[in-house]
Amino acid sequence: MSGAAGFPPGARWRRFDFHTHTPASMDYGRGPNHESLKKRSPREWLLDFMRAEMDCVAITDHDTGEWIDRLKKAYDRLEEERPTDFRPLVLFPGVEITVNGGIHLLAILDPSKGRSDIDALLGAVGFPGGKQGTSDGCTSQSVQEVAQTIRKRGGLAIPAHADSEKGIFERLDGETLRSLLTEDQLSALEVADPEFDEPEIYRQSGVKLARVLGSDCHHPSGSAGQGFPGSRFTWVKMGKPSLDGLRLALLDGAPLSILRSDAPIVDGADDPNAEPGLWIESVEVAEARYLGRGTPAHAAFSPWLSAIIGGRGTGKSTLVEMVRLAMRRQNELPGRLGEEFQEFAAPAESRHGRRALTDSTEAIVSIRKNGVQFRVRWRTDGGGAVIEERTPDGEWKTSPGEVASRFPVRILSQKQVFALANDPDALLRLVDDADPVNRRERAARREKAEAEFLSLRSQARAIDARITERERIEGDLADVRRQISVFDEGGHRDLLVRYQRFTRQKQILTDRNRELKANAAALLKLSPEMEPADVRADDFDLREKSFGRRALDLLEAAAGRQRRIAENLREHGRALDDFRKEWIEEVAASKWSQEYEAVCAAYRELMARLAEEGVSDPGNYGALLQRRELLQRMLTEIDSLAKRKQKLEADADRFLEEVETERRASSKARIHFLQSVLGDNPHIRLEVVPFGSNALAAERRFRKAIGREDGGLAPAILSEDGETGELAELFRDLSDHQDERHQELEGRIRKIKKRFAEAGKKPGPSGRQWLWNHLRQLSPEQRDRFLLWWPEDGLEVRYRRTTTGKFVPLEQGSPGQKSAAILALLLSYGDEPILLDQPEDDLDNHLIHDLIVQRIRQNKRKRQVIIATHNSNIVVNGDAEMVISMDHLGGQCVVAPDGTGCLQDTGVRAEVCRVMEGGRRAFENRYRRLREEFDDA
């Protein structure tokens, strides 16, 4: 659920105008329309700032608070009426005091104050009566005294337009200016010119006051160079606008809490309040074992940084794990951590054990994606809609898809982080998950190329089996040719050929005669079936003009048409049969028949002579001719297959090269990505090592490629001491230069593949005969798969404790140092929400600040960060926009409302100091001059 007025909960940037004037200032509307503008109403004045999209306005007329109460009443009426231009606007009562010496000083009070408080302040600083609104009078107190009085009365003292006329840098110098700056009475400086350089005395004082900007408006509208609503303002980061929140923001300064409208916005964004495309709005847990029993536990998050705080056992981790459960991310937990989570995410069967759910547990996570609100539900019983989408009219409807793919979220516990630090393969997968590396698309292209390679090689082998028949076919063809030559040499070839041709023609004519005869018979058989059925006239009313007579006439007409068609069929059948008989006679009388009879007679005479010459089956000549033709066609086809095989093998080689290209591209993408996200990191370095750093790292994939994952053949593949074997030789004596090493390894891998492919043709090297015997037993497809083998890249992680120390391998680091290094990587890229559960365990404050806090500040501008933590540095110096405080009451973990909000809230600060080690110190380090607040608490 979002905060008030539809805004996210917690702190956000507010447009704050520190310096405004109303018609209560005599010079308001100065110029040609002075008299008419002086008559402008409080309602109109407020709408001017609402249209300018201001969030907060300090009412600072010249030496008067006359309009403050009038503006408050007008605002109350506007809030009730809600006109088109209305938007929430917080009014901070104030005044621009003309101080002795002609200096203008802004005093800003709490929104709860009114005109009487301003009048009392003016009286306390000795401002003369009768001069209000004119800036003609001045206080009897000095500027130092006026600033001190403002502070004592709970206000903020800010020198107006300090860099110009009537500003402190124009009117004061020497010890007077030094005293004003160093007495700790000023809250900020209003500086109009962003290029203004403070005088040397300011720099020497060591004071760093926030430089704010106000419009100093005296008109409702204007042009460049003039002050009017929205022309100049300051972005102030706070929760619900209050003087306390404003004071802390000014103490914090730029860029964490103060941004001028004439300065670039954070990270080049158009709006410092820009929300990420995907962020978690809230989680609600009902009926878990220790959370949400009776009343659901609800935690709302900021789109930027939210911190879940609380003592041990207050449910911080449980809240995070319920989000993991609802977002279907439990499968990302490795090994033992996955088993522990399964135990956590099961209904409790007794009062003991780690099980944290009940049979009716439900978790609902509200998500905003590209401006659309969704909610994801998980229930123990599996019921309810999993994904729901909120329609523009406010209704919820079921939405399709899988939670994990539609709403990518990264959730990591400290144990997961430590596991990553000790698993290089897991770290590499983490790098590959980054969008710039594009692992999924690269893997898809590589897998497609591998599949094409294997398919083409399989097709080539199938063709090869047929090509091996060439020798047999050539022998059969030679035998057939010798038999045919007996006929050809006797001069009988032409007659036999003519006889075979005429015999085929005779068969064709005979088939046509049968076809004509069958068609004529079919027509004659069909004609009776076309005759109409009889119609009973007595079934119809035959009176004149009756409907029955008309129907009978229609039936008779149809019957007549049927009879004519039947007669036509009989006529066509008889005609076709008569034609057939005449056609037979014409064929018999044709010259073709005469030639056919002559050829048949000559053939019978030849057969008789051949029989007399001892030829047992002279009729084989035709079959021999057909056999020869068939064998010749088979040889032609084999020649074509041989060319086809060459093309298949060439295409397979092309896809094999594509696999290798994708592998190289993957290595380069990993290298470039790590350089882009960690290139300037003073504490951690991750370096991709193409093909891995040693033989041991390559062994697992190599064994899988040759089908020996059982650990056998160790001496031939890699000896126990790593000194001998194929892989030992592969990685021995490589260049120290990365590019040269890469090329050397690539060349050696190609040689290994070539030698292994010839294992069945050549004897194996000495001492590796067992390996060679194994290779000979591999199927052709297994050999093809081995050609796709490449050692996986390695990942070397180095860190250093200080910016001046040396980088050392991560393996030499403590658990905390390892975790800090991995966290720095995790927080260096990505735009999906990231939830971290107590990542600071085992980390010292130095690592937390230098590695974690700095990355959080940078990261939260482009992605949502949610951290369950008990470290105050992460919350305070990480600048959490939202703090969710957990407590343990009556056997249940609850969200404590008094300790939930933003850091500017007194209750939140008190809770941070109460439950978090070093909380007070963290606040003192971040906010100057807060010691008084803690001493008074």
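Please read all numbers here as calculations on a predicted model, not as lab measurements.

Visitor: Provide a residue-level description of the overall build of the chain, including the pertinent values.
Guide: Within the chain one finds 32 helices and 24 strands. Along the three orthogonal principal directions, the C-alpha set of the chain runs to about 155 × 115 × 70 Å. A burial count over the chain gives 48% of its 937 residues as buried. Of the contacts formed within the chain by residues at least 6 apart in sequence, a portion of 69% connects residues at least 24 apart. Taken as a whole, the chain presents about 46,200 Å² of accessible surface, with 48% of it coming from carbon and sulfur.

Visitor: Could you give me a rundown of the state of the cysteines, with the residues and numbers involved?
Guide: Applying the stated criterion across every chain yields a total of zero disulfides. Note on Cys217: no disulfide assigned, nearest cysteine sulfur contributed by Cys56 at a separation of 15 Å. By relative accessible area, which is 1% here, Cys217 ends up buried.

Visitor: Got a sec to walk through the sheet that holds strand E24 (residues 892–895)? Specific residues and values, please.
Guide: By way of backbone hydrogen bonds, the strands of a sheet pair with one another, either parallel or antiparallel. Strand order in the open sheet made by the six strands is E17-E21-E22-E12-E23-E24, with mixed pairing throughout. The open sheet is flanked by strand E17 (410–413) and E24, the only strands paired with a single partner. Put simply, the sheet's adjacent strands are angled 15 degrees from each other on average, direction ignored.

Visitor: Pulling in residues and values, what's your account of the packing of aromatic side chains?
Guide: A full pass over the atoms with the stated rule returns 19 aromatic pairs. A centroid spacing of 5.7 Å and a plane angle of 35 degrees characterise the contact between Phe341 and Phe344, whose relative ring orientation is tilted. Of this pair, Phe341 and Phe344 both sit in helix H11 (residues 335–344), separated by three residues, roughly a single helical turn. Of the two residues, Phe341 and Phe344, both sit in the buried class. Among the aromatic residues, those joined into a ring-pair cluster are Phe702, Phe756, Phe786 and Trp789. It is Arg654 that lies over the ring of Phe655; its NZ or CZ is 4.7 Å from the centre.

Visitor: Explain the pattern of salt bridges to me, and be specific about the residues and the numbers.
Guide: The final tally for this structure, using the stated rule, is 69 salt bridges. Arg457 serves as the salt-bridge partner of Asp784, at 3.0 Å between the closest nitrogen and oxygen. In this pair, Asp784 is assigned in helix H26 (residues 780–787) and Arg457 in helix H15 (residues 439–467), connecting sequence segments 327 residues apart. Accessibility expressed as a relative area gives 3% for Asp784, which makes it buried. Assessed through its relative accessible area of 25%, Arg457 is described here as partly exposed. Put simply, Glu657, Glu660, Arg663, Arg664, Glu746 and Arg750 are held in one network by salt bridges that share partners.

Visitor: An account of a negative patch on the surface is requested, with residue identities and associated values reported.
Guide: Taken together, Asp578, Glu582, Glu585 and Glu586 make up a surface patch of like negative charges. As for its position among the elements, Glu582 is in helix H18 (residues 547–589). On the accessibility criterion, Glu582 (48% relative accessible area) is partly exposed.

Visitor: Run through the nonpolar core, naming residues and quoting values.
Guide: Within the largest apolar cluster, 59 residues are counted, with the highest numbers of intra-cluster contacts made by Leu674 and Val875. Element by element, the count of residues in this core is highest for helix H27 (residues 815–826), at seven residues. The contacts of Leu674, once residues within four sequence positions are left out, are Val431, Gly679, Leu686, Val688, Leu795 and Leu825. Residues Met54, Leu78, Ile97 and Ile150 belong to the second largest nonpolar core, which totals 58 residues.

Visitor: Before we move on, could you go through the side chain of Glu662 and cite the residues and values that matter?
Guide: On the secondary structure map, Glu662 appears in helix H20 (residues 620–678). Among the residues examined, Glu662 registers a relative accessible area of 12% and is labelled buried.

Visitor: How would you summarise the environment of Trp789 if you had to cite specific residues and measurements?
Guide: Summarising the element assignment, Trp789 is placed in the loop between H26 and strand E19 (794–799). Taking the C-alpha atoms as reference, Trp789 lies 55 Å from Arg926; in sequence the two are 137 residues apart.

Visitor: Break down helix H10 (residues 316–326) for me, citing the residues and quoting the values.
Guide: A large share of H10 lies buried, amounting to nine of its eleven residues. Buried within H10 we find Lys316, Leu319, Val320, Glu321, Met322, Val323, Arg324, Leu325 and Ala326. Where H10 terminates, the next one or two residues include Arg328, which has phi positive at roughly 55 degrees.

Visitor: Can you break down empty space enclosed by the protein residue by residue, with the values?
Guide: Taken as a whole and assessed by the stated rule, the structure comprises two cavities of 30 Å³ or more. In this structure, the largest cavity occupies an estimated 80 Å³ of space. Those elements that place two or more of their residues in the lining of the largest cavity are helix H24 (738–757) and H26. In terms of residue class, the lining of the largest cavity is built from seven nonpolar, no polar and two charged.

Visitor: Give a detailed account of the side chain of Glu198, specifying residues and quantitative values.
Guide: Note on placement: Glu198 falls in the loop between strand E6 (188–190) and helix H8 (200–205). At a separation of 2.7 Å, a polar atom in the side chain of Glu198 contacts the side chain of Arg211. Excluding residues within four positions of it along the chain, Glu198 makes contact with Phe169, Arg203 and Arg211.

The rules we used
- Residues numbered from 1 in each chain as written.
- Predicted model: local features only at pLDDT ≥ 70, side-chain atom pairs only at ≥ 80, totals over all residues.
- Heavy atoms only, no water.
- Helix = DSSP H or I, 4+ residues; strand = E, 2+ residues; numbered from the N terminus.
- Buried < 20%, exposed > 50% of the residue type's maximum accessible area, 1.4 Å probe, protein only.
- Contact = heavy atoms within 4.5 Å.
- Areas by Shrake-Rupley, 256 points an atom, 1.4 Å probe, with all protein chains shown as cover.
- Disulfide = S-S within 2.5 Å.
- Pairing = 2+ DSSP bridges.
- Axes fitted to C-alpha atoms, helices over the stretch in contact; angles between N-to-C directions.
- Phe/Tyr/Trp six-rings, centres within 6.5 Å; stacked < 30°, edge-to-face > 60°.
- Lys NZ or Arg CZ within 6 Å of the ring centre and 35° of its normal.
- Salt bridge = Lys/Arg side-chain N within 4 Å of Asp/Glu carboxyl O.
- Patch = residues over 30% accessible without salt bridge, like charges linked within 9 Å, V, L, I, M, F, W, Y side chains within 5 Å.
- Lys, Arg positive; Asp, Glu negative; His and termini not counted.
- Charge placed at Lys NZ, Arg CZ, Asp CG, Glu CD.
- Core = buried A, V, L, I, M, F, W, Y, C linked by side-chain atoms within 4.5 Å.
- 1 Å grid on protein atoms, 1.4 Å probe; cavity = no way out; pocket = protein on both sides within 12 Å on 5 of 7 lines; lining within 4 Å.
- Points joined across faces, edges and corners; volume = space filled by probe spheres on them.
- Nonpolar A, V, L, I, M, F, W, Y, C, P; charged D, E, K, R; others polar.
- Polar contact = N/O pair within 3.5 Å; in protein donor to acceptor, adjacent residues only side chain to side chain.

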